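# Understanding the architecture of this molecule
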Amino acid sequence: MSVRVRFAPSPTGYLHVGALRTALFDELFARKNNGKNILRIEDTDRARYNAESEQEFIESLKWVGIDFDEGPHLGGPFAPYRQSERKEFGIYAPILKRVLEEGIGYKAFDTPEELDEMRLTQQINKQPTGYFGGEWRDASPEKVAEAESEGRPYVVRLKVQRGKRIVIDDAIRGRIEWDSNLVDDPVLIKADGMPTYHFAAIVDDHLMQISHVFRGEEWVSSAPKHVELIDQLGWERPMFVHCPVIVGKTGKKLSKRDGATRVLDYMAKGYLANPLKNFIALIGWSPGDNREELSPQELIDSFDIKGLQASPGKFDIDKLNWLNGSAIRQMSATDLRKVLLEYVESPVTQGYWQTYEYDPESGDPAVDGDRTLETLNLLAEAAKSRHDYCDAAIGLEQERVQRLADFGEACSFFFEDTPTMHPDAVKKWFGQPHVKNMLHELSQEVASRSCSKPEEFEAVLRNWQTSNGFEKLGPIVHPVRVALTGRTFGPGLWELMEVLGNEKVAKRLELARSLCF
Ligand code: GLU
């Protein structure tokens, strides 16, 4: 059987990491097996459908590097790929006809009040809640015809056969079984004639010749209904692959802090597509060895359902940060400059930081959105015109930065006319008695010697140290770093002096004197 998988989202909001992982497993499995990956939009719940969300799903998946072979945006042999359009095309009607004619399903005319009452009675009697038949499951054809002739609204429900075990053979979990007496009769067609997810998904999986259904563990409880419908229609079952739930680092439900955020936000924060893909693939799946860093091709080559676990997969943002930082370090400064420019100019990045409000619950570094955007824009400006200077600056910061967004602040002192001074840094070093004079003398010295190489800058500072009787270099380098960068940490001092260049160094040392107290 050829491999055909589908990612079948209901676009009602943002694309989150859970759905992204399902889409990624679909993609990896399809590519590994020379199969087809299909995007199908499950939009039969018209009240919750959101066209922008569909677009965002497509864009986000494209950004991560998940490609489809068929879909609403691509067409294909089983078009249309939106269920609302499939309904319009009359694709479900003949199957519904079969369902009713063969008694696979039945019309149920219960009013919402009657359904409420049924649920209440079940709760009071501590019975399983759900629709197990009521007065319509076995109603006579005359009774049904009468209700219909009165124009009473009805839904079509699946008639789950009672008194048996419903068994599925899940690709990860193995055999799972249910007592069919406890599986309620799901609605297949709503009162407005729209198919429900249960009906449309099963029909489409069959018509689109889907071989494997990858989906989240939360759908396990729907599986007995699905196989019951498939079996009663006499269709072949796809292989169900119920992927493990994603939990936070502490094992609890995924929260915002762990990454229950919009996939596009990861792009805006400066995560790169490949490490993100790598990270997401490793939540609940392992290549079977200790490898943690896998390229997109290695992910495909190693992907195997056997490597999927049944137990919850952990979302660990530290691991993503590490993978992202590592990918950044592996790039050349020139490539990184180009990536950064594209990143900063993206409307997703601009929009995100324009409206950014730091949320302590998010687990993100505490940064200011306006400052981030301002420094990123400065960087982008330089990236367009001052290639060598920009590459040198990026090259120095590349070792420490984990997200593209953080390059703005990290590189800011290279691109600002005068560095933004961090008050703590000023307070710590500029009150010491030797500093004011030292900055002046060093500035003169740097200028008169036209220093340009790291060792030349170093020599000037070391000379000053010995001629002024300082035992250690600390009292010299720390204030100088603050004068040049505005802060107490950063790349190697001699190297950053070289990048800034003689003129800027001399000027900044002199200017900083006014901050001494
Ligand atoms: N439309 C369902 C969802 O939004 C898809 C479930 C499935 O893959 O069967 O998650």
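Conventions adopted
- Within each chain, residues carry numbers counting from 1 in the order of the written sequence.
- Owing to the predicted nature of the model, reporting of local features is limited to residues with pLDDT of at least 70; listing and counting of side-chain atom pairs is limited to 80 or more, with chain, interface and lining totals taken over all residues.
- Only hydrogens and water are removed before side-chain values are computed, so all heavy atoms of the structure are retained for them.
- A run of H or I in DSSP becomes a helix once it reaches four residues, and a run of E becomes a strand once it reaches two; helices and strands are each numbered from the N terminus.
- With a 1.4 Å probe rolled over the protein chains alone, any residue whose accessible area is under 20% of its type maximum counts as buried; one over 50% counts as exposed, and the rest are partly exposed.
- Lines are fitted to the C-alpha atoms to define the axes, a helix being fitted only along its stretch in contact, and any angle between axes, read from their N-to-C directions, falls within 0 to 180 degrees.
- Throughout this description, any angle smaller than 35 degrees is read as roughly parallel, any larger than 145 degrees as roughly antiparallel, any in the 65 to 115 degree range as roughly perpendicular, and the remainder as oblique.
- Two helices that cross are described as forming a left-handed crossing if the nearer one is turned anticlockwise from the farther one by less than a right angle, and a right-handed crossing if clockwise.
- Contacts between residues were defined by any pair of non-hydrogen atoms, one from each residue, lying within 4.5 Å.
- Classification convention: Asp, Glu, Lys, Arg as charged; Ala, Val, Leu, Ile, Met, Phe, Trp, Tyr, Cys, Pro as nonpolar; all other residues, Gly among them, as polar.
- Here a cavity is any set of points on a 1 Å grid over the protein atoms alone where a 1.4 Å probe fits but cannot get out, and a pocket is any open set with protein on both sides within 12 Å along at least 5 of 7 lines; a residue lines the site when it has an atom within 4 Å of a point.
- Grid points are joined across faces, edges and corners, and a volume is the space filled by probe spheres set on the points.
- Nearness is defined per residue: one heavy atom within 4 Å of the molecule or strand is enough.
- We call two N or O atoms a polar contact when they sit within 3.5 Å, provided that within protein one can donate a hydrogen and the other can accept it, with sequence-adjacent residues counted only if both atoms are side-chain atoms.
- Note on areas: these come from Shrake-Rupley sampling with a 1.4 Å probe, and a residue is covered only by the protein chains present in the view.
- Each molecule is checked against the cavity or pocket grid, and it sits inside if more than half of its atoms lie within 2 Å of the grid points.
- Charge counting treats Lys and Arg as positive and Asp and Glu as negative, with His and both chain ends excluded.
- For this document, the term salt bridge refers to a Lys or Arg side-chain nitrogen within 4 Å of an Asp or Glu carboxyl oxygen.
- Here a Phe, Tyr or Trp ring, Trp counted by its six-membered ring, pairs with any other such ring whose centre lies within 6.5 Å, and the pair is stacked when the planes are under 30 degrees apart, edge-to-face when over 60, and tilted otherwise.
- Whether a charge lies above a ring is judged from NZ of Lys or CZ of Arg, which has to be within 6 Å of the ring centre and within 35 degrees of the ring normal.
- Here the expected length of a helix is defined as 1.5 Å per residue gap, with one fewer gap than residues.
- Nine residue types can take part in a nonpolar core, namely buried Ala, Val, Leu, Ile, Met, Phe, Trp, Tyr and Cys, and a core is a set of them joined through side-chain atoms within 4.5 Å.
- Here a patch means residues that are over 30% exposed by relative accessible area and free of salt bridges, tied together within 9 Å if like-charged and within 5 Å if nonpolar (Val, Leu, Ile, Met, Phe, Trp, Tyr).
- By convention, charge coordinates are those of NZ in Lys, CZ in Arg, CG in Asp, or CD in Glu.

### Some thoughts on unusual backbone geometry
Residues Ala79 and Pro80 are joined by a peptide bond in cis, for which omega reads 0°. For Lys126, which is not a glycine, the phi torsion comes out positive at approximately 55°. Here Lys126 is to be found in the loop between α5 (112-124) and α6 (141-149). Overall, the relative accessible area of 74% leaves Lys126 in the exposed class. If you check the backbone angles, Gln209 has positive phi at about 55° while not being a glycine. Residue placement: Gln209 occurs in the loop between α7 (197-207) and β8 (212-216). Given the relative accessible area of 49%, Gln209 is considered partly exposed.

### A word on the packing of helix α13 (residues 333-345) against helix α15 (residues 369-385)
A pair of packed helices is characterised by two quantities: the angle between their axes and the separation of those axes. Close contact between α13 and α15 brings their axes to 9 Å; oriented N to C, the two are set at 130°. By the angle class used here, α13 and α15 are oblique. Crossing geometry of α13 relative to α15 is assigned as left-handed. Between α13 and α15, the residues in contact are Arg337, Leu340, Leu341, Tyr343, Val344 and Glu345 and Leu376, Asn377, Leu379, Ala380, Ala383 and Lys384, respectively. A breakdown of the residues in the contact of α13 with α15 according to their chemical character gives eight nonpolar, one polar and three charged.

### Focus: the layout of surface pockets
In this structure, the largest pocket spans a volume of roughly 1100 Å³. What lines the largest pocket is a set of 38 residues, and nearest its centre among them are Pro9, Ser10, Ala19, Glu218 and Trp219. Secondary structure elements with two or more residues in the lining of the largest pocket: β1 (4-7), α1 (17-32), β8 and β10 (246-247). Residues that form the lining of the largest pocket fall into these classes: 18 nonpolar, 10 polar and 10 charged.

### Observations regarding the site of the ligand
Contacts to the ligand come from Arg6, Ala8, Pro9, Ser10, Glu42, Tyr197, Arg215 and Trp219. Interatomic distance of 2.8 Å between a backbone N/O atom of Ala8 and a nitrogen atom of the ligand. A distance of 2.5 Å separates an oxygen atom of the ligand from a polar side-chain atom of Tyr197. Relative to its free-state accessible area of 300 Å², the ligand is covered by the protein chains to the extent of 82%. With respect to the detected pockets, the ligand is housed in the largest pocket. Along the lines of polarity and charge, the residues of the shell around the ligand split into four nonpolar, one polar and three charged.

### Concerning the side chain of Asp364
Along the chain, Asp364 falls in the loop between α14 (347-354) and α15. Among all residues touching Asp364, those that are not within four sequence positions of it are Lys269, Tyr352, Tyr356, Tyr358 and Arg403.

### Re the side chain of Arg508
With respect to the helices and strands, the residue Arg508 is situated in helix α23 (residues 502-512). No salt bridge is formed by the buried Arg508, whose closest oppositely charged neighbour, Glu416, lies at an N-O distance of 6.5 Å. Ignoring anything within four residues of it in the chain, the contact list for Arg508 reads Phe413, Glu416, Asp417, Pro419, Ala483, Leu484 and Leu500.

### A short note on the packing of aromatic side chains
As enumerated under the stated definition, the model contains 16 aromatic pairs in all. An aromatic cluster of three or more residues is present, and its members are Tyr389, Phe413, Phe414 and Phe415. We note Lys143 situated over the ring of Trp136; from NZ or CZ to the ring centre the distance is 4.8 Å. The lysine or arginine in question, Arg157, covers the ring of Tyr131, its NZ or CZ lying 3.7 Å from the ring centre.

### Brief notes about helix α2 (residues 51-64)
Its 14 residues place the ends of α2 20 Å apart at the C-alpha level, agreeing with the 20 Å of an ideal helix rising 1.5 Å per residue. For α2, the set of buried residues is Ser53, Glu54, Glu56, Phe57, Ile58, Ser60, Leu61 and Val64. Packing partners of the buried residues in α2 comprise β1, α1, β2 (36-39), α9 (263-269) and α10 (273-281). At the N-terminal boundary of α2, the capping side chain belongs to Asn50, with an oxygen 3.0 Å from the backbone nitrogen of Glu52. Of the residues flanking the end of α2, it is Gly65, one or two places downstream, whose phi is positive at about 95°.

### Quick notes on the packing of helix α19 (residues 435-449) against helix α21 (residues 474-485)
Running from N to C, α19 and α21 point in directions that differ by 75°, and their axes come no closer than 11 Å. Looking at the two axes, α19 sits roughly perpendicular to α21. Counting all contacts with α19, which are made through Val435, Met438, Leu439 and Leu442, the residues of α21 involved are Pro475, Ile476, Pro479, Val480 and Ala483.

### Quick word on α13
Its 13 residues give α13 an end-to-end C-alpha distance of 18 Å, which sits within 8% of 18 Å, the value for a rise of 1.5 Å per residue. Those residues of α13 that are buried are in contact with α9, α12 (317-329), α14, α15, α16 (387-397) and α17 (405-415).

### A short note on the nonpolar core
If you look at the biggest cluster of nonpolar residues, it comprises 64 residues, and the most contacted ones within it are Phe407, Phe414, Phe430, Leu439, Leu461 and Val480. The dominant element in this core, judged by the number of residues it contributes, is α17, at seven residues. When residues no more than four places from it in sequence are discounted, the contact partners of Leu461 are Leu442, Leu473, Ile476, Val477, Val480, Leu493, Trp494 and Met497. Among the nonpolar cores identified, the runner-up in size contains 45 residues, and Leu15, Leu61, Val263 and Leu276 belong to it.

### Some remarks on a negative patch on the surface
A contiguous patch of negative charge, built from Glu455, Glu456, Glu495 and Glu498, is present on the exposed surface. If you list the elements that add at least two residues to the negative patch, you get α20 (454-467) and α22 (493-500). Residue placement: Glu456 occurs in helix α20.

### Here's the deal with empty space enclosed by the protein
Taken as a whole and assessed by the stated rule, the structure comprises one cavity of 30 Å³ or more. When its volume is computed, the largest cavity comes out at roughly 60 Å³. By residue class, the composition of the lining of the largest cavity is two nonpolar, four polar and five charged.

### Points about the environment of Glu135
Mapped onto the elements, Glu135 comes out in the loop between α5 and α6. Sequence spacing of Glu135 and Glu357 is 222 residues, and the spatial spacing of their C-alpha atoms is 55 Å. Not counting residues within four places of it along the chain, the set of residues in contact with Glu135 comprises Glu114 and Lys143. A polar contact of 2.6 Å, which involves the side chain of Glu135, links it to the side chain of Lys143.

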